[in-house]
Structures are given as structure tokens and as C-alpha cells.
Number of protein chains: 2
Amino acid sequence: MKRVSILGSTGSIGVRTLDVIERHPDGFQVVALAAGTKVDLLAEQVLRFRPHLVSVATEEAAKELQRRLPRVPVNILWGEEGLVQVARTEEADLVVSALVGSTGLLPTLAAIRAGKDIALANKEVLVMAGELVTAEARKMGVKILPVDSEHSAIFQCLGHGGRQYLKKIILTASGGPFRTRPKASFASVTPEEALNHPTWNMGRKITIDSATLMNKGLEVIEARWLFDLSLKEIDIIIHPQSIIHSLVEYMDGSILAQLSVTDMRLPILYALSYPKRLESPLPSLDLTTLAALTFEPLDMEKFPCIGYAYEAAEAGGTLPTVLNAANEVAVHLFLERRLGFDEIPLLIRKAMDEHGRRPVRSLEDVLEADREVRQRFTMEYSKQ
Amino acid sequence: MKRVSILGSTGSIGVRTLDVIERHPDGFQVVALAAGTKVDLLAEQVLRFRPHLVSVATEEAAKELQRRLPRVPVNILWGEEGLVQVARTEEADLVVSALVGSTGLLPTLAAIRAGKDIALANKEVLVMAGELVTAEARKMGVKILPVDSEHSAIFQCLGHGGRQYLKKIILTASGGPFRTRPKASFASVTPEEALNHPTWNMGRKITIDSATLMNKGLEVIEARWLFDLSLKEIDIIIHPQSIIHSLVEYMDGSILAQLSVTDMRLPILYALSYPKRLESPLPSLDLTTLAALTFEPLDMEKFPCIGYAYEAAEAGGTLPTVLNAANEVAVHLFLERRLGFDEIPLLIRKAMDEHGRRPVRSLEDVLEADREVRQRFTMEYSKQ
């Protein structure tokens, strides 16, 4: 029985994680949950899974949750301190890190420092502070298990001991909803169009990142830290069907690939059950009913965010943090219709050029760079 | 440095094995070679690789080889006894079993009994006597490493410890040269047409087996013994591009696949280098230049040999030996234009029906069933 805490239990990954846990009552037990302000859903989750501890974003939400759970023995906290308490709650063996964007960094670090294994869905944690986070994980002897379907695929293809014979990894990208749309029309892309992903049903932030292909850039940085790779060892290929989730090429030319239906419950289950596998109630992939599997080269000119991610990763220091913060601001502004789809990469480029590279000596350097970029661009756009 | 003996050094696999060894002079050393009657090629191989021991099929060939190598310090043997000596030569760590058909059984067993690891290309060894051979390998603690591209793929996808979480394996089949040819015209297939395989360049016997799809049937039986599977755990799928060499589906629904260029030197290198991997000079697979990867269900009515193989494997006893012997006779007769392509499955069916299932208590039971089928059908066709 693994005891699990979930950071972000009402989000897309959190809900699917609870679905997986519910189907394996002998394998997992929920001990703590943290969510934002979706009190209705969280109250339901508390009644179904009976965690000892929950946390929400605000004091108001905490009071509202308390009102809905009058006779339930659960400790209700709120705010950043509540998140951190859920992350390091003593009973947990494993913490599912499934918050969105930069908010996950501090609680995930807290979980690592408390010796918890991490099932990582929140890739921004490694994008912002990969060196610090992986060093801390090594020091504490905790495993960071990937939940992203691409990284789960790589992790499975590497198996035990495959890393030393690796030539490169190949991340697959569906290409998003605008793979075949001419770049000239990107200025007129609406949030609704960008949120309509062809192969995956995901949260809003990651769906926009999948439309700009920044998601793949963030995945490059995530993969670099998860598997201790140089950037030259990370390739990207467009695979519109999203059946092959990624591939590993070995030094002898042999390639291993991982395939499955496009359902996040599969990589979640693997991260929870690792190093074992458990039976899944999901339908098998029927190869004979599949469309042909195709591959195309990535168009870096059409989707410049990926190049920026490689550039930030290569430069290191605070630049990946700047890239990530600028992207979060840009996605937010785009969803609020205050920034064009074509302006997302422009904002990121501007942020990187203005900020430049600064060394990361401590977590504070990361947090400061993050704050600086957010303030700078939030201010610029609030003036408009 | 691994010391290697090769049974079948002048055949398709043998020649490629020597090519691999020549490219890795620090990794491997050839200590013994056995071939049939291609004395020219064998003499060249002896001069290039300097084995201590060689064996050929006949006394005449041995004398001819001796004449060509007057001052070379090599011990030259011949016949079945020579094969067995090569198989168990003291200096070898690993024996590449690459003879064609049933002739490989006795020397491969001799190698196992002498404690040599086996790189197995000669699948008929396991088809004829899988239970005996794998029991002997377990007893002696020797590894049987697959050289067949499909089984190498499965072996790589299973990694260390994957077997316990396996749901099924999926062997891919190119479908051979007659995948889209109507069955009604099978009677007019010529040996030249059948020898023209669309994706692989292989020996004659296996190329005909690939045209009847019996090769896939033999692979089912081979896989059963190599990976200790039930027949229900072995699926076959048509994949005309031969890029994915086979797949493993795990109990959670995740599938691992192995891909590479179609070059037998890759699985040979992996079998030789296992558990390590070595750099290969072969070109990488460039996914973006590939045709679309497609899959089709297998047509068991059009290619009945596969059904016969499942049936023989399910029945056990001597029936797989009978299937194999009848197939070898039928392929031989077809290549001599004394049997129609459409009559190959008929001959096999007849042999299985006539012979029935008999228990295998010893190797002698296997050899007797093999002899009986060969005599019976060789006699029948010599009368014509």
C-alpha cells in the first residue's frame, strides 16, 4: 500500500490520479490533497478518499470547505503554508506534483526535502530550477518519476541500466492544432481554437503550450534534468497521431518506443506503481484499427518557442526561469484576449533579451527572476 | 573480449556475424567456425579471423580446405562430429547457432551441454525440441540470446524484469512478397517470385518460409520457449514496412516496441554484446524519411501455415518436430520445382494428420519423428 499526497487534486492530472487510485484500492491510499478554489469538487474528493489533511488557496475557500464537511475528521489548511504542509505530510510515501506552472516549485521542493518520492506532472518545477531540484533529490535519495506521457515513455524505454548506452532521446509532438495552419494567420488564432487540441484532453495552460509548441520546449528542459542529458541528446519529431509517446535511440542504432492510447491515466498509473506495473482497466491499443503512424520534421521557424527553450537551457542560469515566467504571463494574456497568439513568442523573446543570463546560486535567485519577469510584463499589459 | 564460435559461418547470418566481429576487434575473437561446402568463402574467413578450429560438411571439403590453407595453423574437421567439436570447443564463451533447419539441433545442444551461451539464429532448434533445449539451458545456466530480429525486439522490450508484468507479445510480420497477391494465383508462384522478399535480404529457406508465413509460425514456437509464454500470450500483426520488429504489451496497457533499419547485423550485435550495447557503424533510422507505419490483421485463411504452427505448439509432443520436418521437405521440393507453392501447406497438413501427436521423452523421440517425416515425403516425391 503506497500512501499518496496530491498537489493539485482538482486539476486535470489530479482528477485522473484519483480515478487511478480509486480503481486500485489495494494499491494506494490518499493521505492529503491540495487544491485551489474548486471547493465543490474538493469536498467530494474528501468524502470519497478520506484524506487526513487538505489545503486550499485562500482562507475563504478553507472556511467554505469546512462548512461543507461539518462532521468529517479532516484538517483544513490554506495558502502557501497549507500547500507545503500537504507536500511534506508525514504519512505520505509519494507526492503527486500536479499544480500548474510555477506555483508547484516550493511545495515540490518541500516534499523532496521531506524525503518523499515525487510523481512529477508539473514540468515547470524542473524548467525553473532543474539543477537545484535534482541535486536536492539526489541528496535525499528520492525518485522523481515522470507523469508527462513523453517522459514516462522515455523512462520506460530506458528500463534499468539503459541510460549508459543511450545515443539520444526523441520526444514526439503531435504538432498541436496549428500544425498545418499557415503561420501568416497566427495573429487571428482565438483562445477557443488554441484550446481545441487534436489528440489530448488536458488543462488550459498545457493546451495553449501545445499550440505554440512551447510545451515541447519545456519538455526538452524537463528531460534534460530527469535523465541527465545534454541538449544534443534530445531530438523532437512531429508525430500527429500521438500513439508513440517518445523514443530512445541506443548507441547500436536500436530504437525503443512506447505506445499506448492517449489517456493520461496510463503514465499516472506507471508513476504510482513503479517499479511494478498494475493491471489497467483502460482499453488496449488495437494496432490494426490505427491510422498509419507518420513522422515529420519539426518546423522551428513556424514555432520559435522551441528554439527559445533550447537556447535558455543551453545558457542556463536564470534564463529557463525567465522563459517559463514570460510564457506563463503570455499564455494568461492570450487567454484573456489581451495578447495575440503570434505575440506569445515575441513576449518571451523580449523577456529573455531584456533579462539576460544570471547565475543561480540559490532558490532565491530563481524566485527573484520569476517575480521580476511577471511584474515587468503584467505591468506593461495592465497599462494597455 | 568474448570468444565466439560460429555454426554456419558461410550462411547469411554467419557472414553478417563475422562482419560485426570484424568491426569490433576489441570486443570479440573468433575461435572456431563450421560451414557446409563453401570452401572458398570459408578459406577466406579462416585467413581473416584465424580460428583454431574449423569444420566442413564432408571429408572431401575438408581435404580441399586443407589444400588451400597449407601453412595456416588450423585444425580441420568434418561431418557431424566436426560440427559438435566446433560447438563445444573449449575456448569459446558464446556459440552463434546459425545453421539452417534441423541440422543445428545436435550441435546447439552440444554447445549448451558444454556450458556455452548461445546466440540463436537457427529457430528450428527450439521448434523441434524447445522443451528439451530450454530445460538443458536452465540446468547448465546458459543464456539463449535471440538473433531473430523479432525475438531480439521482444528481448529488448522486456528489459530486466519486464517478463512478470507482460500481457502479451506482438510479433510483426512483413507479410512477405504475396501479402496482396490473390490466393487463387498461389499455384503459379515460382521460386524466383518467392525468393524476392520485399524488406529483408536473407537465406533461401527463411525467405520461402517468409513467403508462406510459416516463418512467423516457427517464430511463435520459438518465442514460446525463449520467453516462457503461453500461446495465448503471442499475437501476430502484419506490418509491411518491417520497421517495428516486434512489440510487448504490458498488463497496464503500455506497449514497448523496438525499431531499427532492416539489417540483421543489429540483432546479431546485440546478441553478441549483451548485456552491454556497442556502437554500430550502421546508419540510424531517420523517422522523418520513413513511409507511414501501417498495421493489418493477419489473414490466417490465406496463410494456413501459421495456424498449423499454433496447433502443433498447442498439441506439443513430437508435432512441432513433424511440422518443421514437413516444412523443410516442402520448401526443398518447392525450390526444386517439384511442389507448387500452394501445396506447401497441404504437405505439412498431411504430415501432421498422418503422424499425430506422440510424447517426447528423449531427444531420440524428436530425431525419430524428424527422420520419419523426411523419409516418408522424400520417398513419396521421388516416386513421381
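All values reported here derive from a predicted model rather than from experimental measurement.

J.: Would you take a moment to explain the overall build of chain A for this structure?
T.: If you tally the helices and strands in chain A, you get 15 helices and 11 strands. Against the 2.2 N^0.38 benchmark of 21 Å for 384 residues, chain A shows a C-alpha radius of gyration of 20 Å, consistent with a compact globule. Seen through its principal axes, chain A has C-alpha atoms that stretch 60 × 55 × 40 Å. Sorting the 384 residues of chain A into buried and exposed places 61% on the buried side. For chain A, the share of sequence-separated contacts (at least 6 apart) that also reach a separation of at least 24 residues comes to 69%. Accessible surface computed for chain A: about 15100 Å², of which carbon and sulfur atoms make up 50%.

J.: Hey, could you run me through the domain arrangement of chain A in this one?
T.: One frequent convention defines the size of an interface as the accessible area lost when the parts assemble. Residues and elements named next belong to chain A. Along its sequence, chain A is carved into domain 1 (2-146), domain 2 (150-262 + 283-304) and domain 3 (316-384). Relative to domain 2, the C-alpha centre of domain 1 lies at a distance of 27 Å. Counting residues at the interface gives 14 residues for domain 1 and 17 residues for domain 2. Both sides of the domain 1 and domain 2 interface together cover about 1200 Å² of buried area, and 71% of this is carbon and sulfur.

J.: How do you make sense of unusual backbone geometry when you look at a structure like this?
T.: The bulk of non-glycine residues show a negative phi, and the bulk of peptide bonds are trans. Residue and element names in this part refer to chain A. Here Tyr274 and Pro275 are connected by a cis peptide whose omega angle stands at 5°. Inspection of the secondary structure assignment puts Pro275 in the loop between helix H11 (265-273) and helix H12 (305-315). The backbone phi angle of Asp228 is positive, close to 55°, even though this residue is not glycine. On the secondary structure map, Asp228 appears in the loop between helix H10 (214-227) and strand S9 (234-238). The class for Asp228 is exposed, based on a relative accessible area of 62%.

J.: How should I be thinking about the environment of A:Asp365 in this particular structure?
T.: With respect to the helices and strands, the residue A:Asp365 is situated in helix H15 (residues 363-382). Sequence spacing of A:Asp365 and A:Thr318 is 47 residues, and the spatial spacing of their C-alpha atoms is 7.4 Å.

J.: Looking at this structure, I do not really get the relation of the copies chain B and chain A. What am I missing?
T.: For these two chain copies, the linking operation is a rotation about an axis paired with a shift along it. Mapping chain B onto chain A leaves a residual RMSD of 0.0 Å; the transformation is a rotation of 180° accompanied by 0.0 Å of translation along its axis. Look at the turn and shift together and you get a two-fold axis relating the two. A symmetric contact is evident, with 100% of the interface residues of chain B recurring at the interface of chain A.

J.: How do you make sense of the sheet that holds S9(A) when you look at a structure like this?
T.: Pairing between the strands of a sheet comes from backbone hydrogen bonds, and it takes one of two forms, parallel or antiparallel. The strand order across the open sheet built from eight strands is S9(A)-S8(A)-S10(A)-S11(A)-S11(B)-S10(B)-S8(B)-S9(B), with neighbouring strands paired in mixed fashion. In the strand order of this sheet, the two ends are held by S9 of chain A together with strand S9 (234-238) of chain B, each with one partner. If you compare each strand with its neighbour and ignore which way they point, the axes differ by 20° on average. Contacting strand S11 (255-259) of chain A together with strand S8 (166-173), strand S10 (244-250) and strand S11 (255-259) of chain B, helix H7 (residues 149-158) of chain B crosses the sheet at an angle of about 40° to S10(B).

J.: For this particular structure, what's the right way to read the sheet that holds strand S2 (residues 28-34) of chain A?
T.: Residues and elements named next belong to chain A. The sheet built from seven strands is open, its strands ordered S4-S3-S2-S1-S5-S6-S7 with parallel pairing. What marks the edges here is a single partner per strand, and that holds for strand S4 (75-78) and strand S7 (144-146). The average undirected angle you get between the axes of adjacent strands in this sheet is 25°. One ladder, built from six bridges, connects strand S1 (residues 2-7) with S2; its direction is parallel. Bridging across to S2, Val4 finds its partner in Val30. Against the sheet, helix H1 (residues 12-23) contacts S1, S2 and strand S5 (94-97), and its axis sits at roughly 160° relative to S1.

J.: Just to check I follow, could you spell out the pattern of salt bridges for this structure?
T.: Pairs can form between side chains of opposite charge whenever their charged atoms are close. Residues and elements named next belong to chain A. Taken as a whole and judged by the stated rule, the model has 72 salt bridges over all chains. With a shortest N-O distance of 2.8 Å, Glu219 and Lys216 are connected by a salt bridge. Pair noted here: Glu219 and Lys216 are both in helix H10, with a separation of three residues, about one helical turn. Considered together, Glu219 and Lys216 belong to a single accessibility category, that of buried residues.

J.: What am I meant to see in the packing of aromatic side chains here?
T.: Any two aromatic rings considered together are summarised by their centre-to-centre distance and by the angle between their planes. This model, assessed by the stated rule, comprises 16 aromatic pairs over all chains. Both rings, one in A:Phe186 and one in A:Phe303, keep their centres 5.9 Å apart while their planes meet at 45°; by these two values the pair is tilted. Of the two residues, A:Phe186 is situated in the loop between strand S8 (166-173) and helix H8 (191-194) and A:Phe303 in the loop between H11 and H12; the sequence distance between them amounts to 117 residues. Each member of the pair, A:Phe186 as well as A:Phe303, is classed as buried. When the ring of B:Phe178 is compared with that of B:Phe186, the centres are 6.0 Å apart and the planes differ by 55°; the resulting orientation is tilted. For the pair B:Phe178 and B:Phe186, one class covers both residues: buried. Connected via pairs of aromatic rings, a cluster forms that spans A:Phe178, A:Phe186, A:Phe303, A:Phe334 and A:Phe341. The ring of B:Tyr308 is capped by B:Arg349, whose NZ or CZ atom sits 4.8 Å from the centre of that ring.

J.: Explanation requested: the pairing of S4(A) in the structure shown.
T.: When a strand is regular, its side chains alternate between the sheet's two faces. All names here are of chain A. Summarising the sheet, strand S3 (residues 53-56) and S4 pair through four bridges and their orientation is parallel. The residue bridging Leu53 from the neighbouring strand is Asn75, located in S4. A crossover connection joins S3 to the parallel S4 through helix H3 (residues 59-68); in handedness this β-α-β unit is right-handed.

J.: Before we go on, may I ask you to explain the nonpolar core in this structure?
T.: Among soluble globular proteins, nonpolar side chains are generally buried collectively. In terms of nonpolar packing, the biggest core is built from 262 residues, with A:Leu105, A:Leu323, B:Leu105 and B:Leu323 touching the most fellow members. Excluding residues within four positions of it along the chain, A:Leu323 makes contact with A:Met214, A:Leu218, A:Ile221, A:Tyr308, A:Ala309, A:Ala312, A:Ile348 and A:Met352. Core analysis: the next-biggest nonpolar cluster, separate from the first, contains 30 residues, A:Ile237, A:Leu293, B:Ile243 and B:Leu282 among them.

J.: What is the right way to look at the interface of chain B and chain A in this model?
T.: Listed as interface residues are 39 residues of chain B and, on the opposing side, 39 residues of chain A. When chain B packs against chain A, the two sides together hide about 3400 Å² of surface, and 63% of this comes from carbon and sulfur. In this structure, the connection of chain B to chain A is made through two salt bridges. Connecting chain B to chain A are 16 residue pairs in polar contact (both at pLDDT 80 or more). Mapped onto the side of chain B that touches chain A, the elements with two or more residues apiece are H7, S8, S10, S11 and helix H11 (265-273) of chain B. Looking at the side of chain B that touches chain A, the element that brings in the most residues is S11(B), giving five residues. Tallied by class, the residues present in the side of chain B that touches chain A amount to 22 nonpolar, 10 polar and seven charged. Bridge count between S11(A) and S11(B): five bridges; the pairing is antiparallel. Bridge assignment links A:Ile255 to a residue of S11(B), and that residue is B:Leu259.

J.: What am I meant to see in the packing of helix H6 (residues 124-140) of chain A against helix H13 (residues 319-335) of chain A here?
T.: Two measures define how a pair of helices packs: the angle their axes make with one another and the distance between the axes. Residues and elements named next belong to chain A. The contact between H6 and H13 brings their axes to 8 Å, and the two run at 155°. One way to sum up the angle between H6 and H13 is to call them roughly antiparallel. By crossing handedness, the relation of H6 to H13 is classed as left-handed. Counting all contacts with H6, which are made through Glu124, Val127 and Met128, the residues of H13 involved are Pro320, Thr321, Asn324 and Glu328. Residues of the contact of H6 with H13, tallied by class, amount to three nonpolar, two polar and two charged.

Cut-off values and rules
- Residues numbered from 1 in each chain as written.
- Chains lettered and ligands numbered in written order.
- Predicted model: local features only at pLDDT ≥ 70, side-chain atom pairs only at ≥ 80, totals over all residues.
- Heavy atoms only, no water.
- Helix = DSSP H or I, 4+ residues; strand = E, 2+ residues; numbered from the N terminus.
- Rg over C-alpha atoms; globule rule 2.2 N^0.38 Å.
- Buried < 20%, exposed > 50% of the residue type's maximum accessible area, 1.4 Å probe, protein only.
- Contact = heavy atoms within 4.5 Å.
- Areas by Shrake-Rupley, 256 points an atom, 1.4 Å probe, with all protein chains shown as cover.
- Domains from an automatic or database assignment.
- Buried area = accessible area lost by both parts, 1.4 Å probe.
- Least-squares fit on C-alpha atoms with pLDDT ≥ 70 in both.
- Pairing = 2+ DSSP bridges.
- Axes fitted to C-alpha atoms, helices over the stretch in contact; angles between N-to-C directions.
- Salt bridge = Lys/Arg side-chain N within 4 Å of Asp/Glu carboxyl O.
- Phe/Tyr/Trp six-rings, centres within 6.5 Å; stacked < 30°, edge-to-face > 60°.
- Lys NZ or Arg CZ within 6 Å of the ring centre and 35° of its normal.
- Right-handed = clockwise from strand over helix to strand, strands pointing away.
- Core = buried A, V, L, I, M, F, W, Y, C linked by side-chain atoms within 4.5 Å.
- Polar contact = N/O pair within 3.5 Å; in protein donor to acceptor, adjacent residues only side chain to side chain.
- Nonpolar A, V, L, I, M, F, W, Y, C, P; charged D, E, K, R; others polar.
- Parallel < 35°, antiparallel > 145°, perpendicular 65-115°, else oblique.
- Left-handed = near helix turned anticlockwise from the far one by under 90°.

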